[in-house]
Amino acid sequence: RVSGKLAVRSMPWLKLRRARVPRPAAFVMCTHITGGRFEDQYFVQQLAEERYQQMKRCSEFFRLGRPGADDSDVGILVGDFNATEAYSPNGPMHSYFKFGIAGSEGVKSDAASAGLSTPEDLESSFKTYMVSPFKALKDLDWTFAYGEELGVTSGFGHLIDHMALSKKVPVEKAEVIYLTNQKVGGKPADTDVVITDHNAVKVSFNI
């Protein structure tokens, strides 16, 4: 069983406001939290709490650490959460668990050590792990700019790139900009020039 430290995660940020207009300002924060097909193999080892706390730390920068804070400011947290917001019995995260996680010998070993004795217990723990960043933001009263209605952002047909807001702000438009094609399902190409394995998302707000 390979062991070691998690990959380092960070959060760059940018303060935006109109020229000669002191307020409001938008603080755009970007992150890629713990998760993905390699780190998911270690989810039993308290990684649900790790993902939850990473979201809290991102939000705490906006709440406590942003410079020149004003009550009218808006926090916009964007990034790869490595999960869909909803975990449903027949959804993509269940399928991923069944075919990519449950059969792993390392996961089985961790499950035995943690006392997760049934497949149902193991999947319940995996569900908690996957949805923990969304729970963190909802616990902090952040909202999301879009949901599944937007479309997919990964090359495997899932919406895993999200945009959270510190307060409710009118969304004028949200759209996918295609930078990759789907890798499964034999679907037609979305773009002639593939530059990554994720699509971009463009959102317009009325602030």
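Source: prediction; values computed, not measured. Residues take numbers from 1 onward in each chain, read along the sequence in its written order. Totals for whole chains, interfaces and linings use all residues, but because this is a predicted model, local features are given only for residues with pLDDT of at least 70 and pairs of side-chain atoms are given and counted only at 80 or more. As a convention, hydrogens and water are excluded, and side-chain values are obtained from all of the structure's heavy atoms.

**Student:** Pulling in residues and values, what's your account of helix H1 (residues 47-65)?
**Tutor:** The end-to-end C-alpha separation of H1 is 25 Å, in line with the 27 Å expected for 19 residues at 1.5 Å each. Of all the bends in H1, the greatest measures close to 25° and is centred on Ser59. A simple rule labels every residue: compare its accessible area, found with a 1.4 Å probe on the protein chains alone, to the largest value its type can have, and call it buried under 20%, exposed over 50%, or partly exposed in between. Secondary structure elements are taken from DSSP: a helix is a run of H or I of four residues or more, a strand is a run of E of two residues or more, and numbering for both begins at the N terminus. Listed in full, the buried residues belonging to H1 are Leu47, Ala48, Arg51, Tyr52, Gln54, Met55, Cys58, Ser59, Phe61 and Phe62. Contacts are assigned to residue pairs that have any heavy atoms within 4.5 Å of one another. Packed against the buried residues of H1 are strand E1 (13-16), strand E2 (26-32), strand E3 (74-80) and helix H4 (119-139). By this rule the span expected of a helix is its residue count minus one, scaled by 1.5 Å. Note that the bend at a residue is defined as the angle between axes fitted to the seven residues ending at it and the seven residues starting at it.

**Student:** Report on the pattern of salt bridges, specifying residues and quantitative values.
**Tutor:** Basic side-chain nitrogens of Lys or Arg form a salt bridge, by our definition, when they fall within 4 Å of a carboxyl oxygen of Asp or Glu. Summed over all chains, the structure comprises eight salt bridges. The residue Lys135 makes a salt bridge to Asp139 at a minimum N-O spacing of 2.9 Å. One end of the pair, Lys135, and the other, Asp139, are both in helix H4, four residues apart, so they sit about a helical turn from each other. We classify Lys135 as partly exposed; its relative accessible area is 47%. Close ionic contact of Glu175 with Lys173 constitutes a salt bridge, the shortest N to O distance being 3.8 Å. Lys173 gets classed as partly exposed once you look at its relative accessible area, which sits at 48%.

**Student:** Lay out the pairing of E3 in plain terms, naming residues and giving numbers.
**Tutor:** The buried count for E3 comes to seven of seven residues, which makes it a mostly enclosed element. Side chains Val74, Ile76, Val78 and Asp80 project from E3 onto one buried face, and the interleaved Gly75, Leu77 and Gly79 project onto a second face that is buried too. Note on pairing: DSSP must find at least two bridges between two strands before they are called paired. In terms of strand pairing, E2 meets E3 through seven bridges, oriented parallel. Bridging across to E3, Met29 finds its partner in Leu77.

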